[in-house]
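Given next are the chains, with one letter for each unit.
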Amino acid sequence: RGKELTEERKGRPVLLVSFILGGVMWALLAIGFIIGVVIEGAPAISPEFWWDDILATSVVFLGLPGWVFTFVGWRKTKVDESGLKWGVAGGVLMAVTGFMLLPGALAIIGGVFSGRKPVTEPATAEIEQ
């Protein structure tokens, strides 16, 4: 049976935007974290700024796996598979960091949309009969 022409999965562009935005945000915060480590030494949780320190560290260490999961979800939608699990998992990891809330929300939305199978011509012809 030949390969049928299908529409692109709806979540694919949203997952791509989430991947790009998440990568930029992660890179900027990771560079800032590394510069902070070089200038100030190993990160110690200070009493005044403990929340900021925890958030910055979580972005560096949780944001990256979320970003990678989003990329895997986008790649799955590129070959016309569902990116639901990977997109949602990546989105949750990015959203948990706090700083990457927007790319995380986009990854969750893109993952949910990619879970729906696009409509093909032969399938709609079978339903009509």
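Before going into details, it helps to say that this report is about the structure given with it. Keep in mind the model is a prediction, meaning the values are calculated, not measured.

Looking at the packing of aromatic side chains
Counted according to the given criterion, the structure contains four aromatic pairs. Taken together, a centroid distance of 4.9 Å and an interplanar angle of 35° make the contact between phenylalanine 19 and phenylalanine 71 tilted. Of the two residues, phenylalanine 19 sits in helix 1 (residues 12–40) while phenylalanine 71 sits in helix 2 (residues 50–78), which places them 52 residues apart along the sequence. Here phenylalanine 71 falls in the partly exposed class, since its relative accessible area comes to 30%. Seen in terms of ring centroids, phenylalanine 71 and tryptophan 74 are 6.0 Å apart; in terms of plane orientation they differ by 35°. Their pairing is tilted. Here phenylalanine 71 and its partner tryptophan 74 are both found in helix 2, three residues apart, which amounts to about one turn of the helix. Tryptophan 74 gets classed as buried once you look at its relative accessible area, which sits at 11%. Three or more aromatic residues link up through ring pairs in this structure, and these residues are Phe19, Trp67, Phe71 and Trp74.

A few points about a nonpolar patch on the surface
A cluster of nonpolar residues, Ile31, Ile34, Ile35, Val38 and Ile39, forms a patch on the protein surface that exposes about 530 Å² of accessible area. Take isoleucine 34: it is sitting in helix 1.

Digging into helix 4 (residues 101–114)
Taking 1.5 Å per residue as the helical rise, helix 4 with its 14 residues ought to reach 20 Å, and the 20 Å between its terminal C-alpha atoms agrees with that figure. Buried within helix 4 are the following residues: Pro103, Gly104, Ala107, Gly110, Gly111 and Ser114. End-on, the buried residues of helix 4 take up no more than an arc of 130°, which puts them together on one face. Buried residues belonging to helix 4 abut helix 1, helix 2 and helix 3 (84–96).

Cut-offs used in this document
- Residues numbered from 1 in each chain as written.
- Predicted model: local features only at pLDDT ≥ 70, side-chain atom pairs only at ≥ 80, totals over all residues.
- Heavy atoms only, no water.
- Phe/Tyr/Trp six-rings, centres within 6.5 Å; stacked < 30°, edge-to-face > 60°.
- Helix = DSSP H or I, 4+ residues; strand = E, 2+ residues; numbered from the N terminus.
- Buried < 20%, exposed > 50% of the residue type's maximum accessible area, 1.4 Å probe, protein only.
- Patch = residues over 30% accessible without salt bridge, like charges linked within 9 Å, V, L, I, M, F, W, Y side chains within 5 Å.
- Areas by Shrake-Rupley, 256 points an atom, 1.4 Å probe, with all protein chains shown as cover.
- Salt bridge = Lys/Arg side-chain N within 4 Å of Asp/Glu carboxyl O.
- Expected span 1.5 Å × (residues − 1).
- Arc of directions from axis to C-beta.
- Contact = heavy atoms within 4.5 Å.

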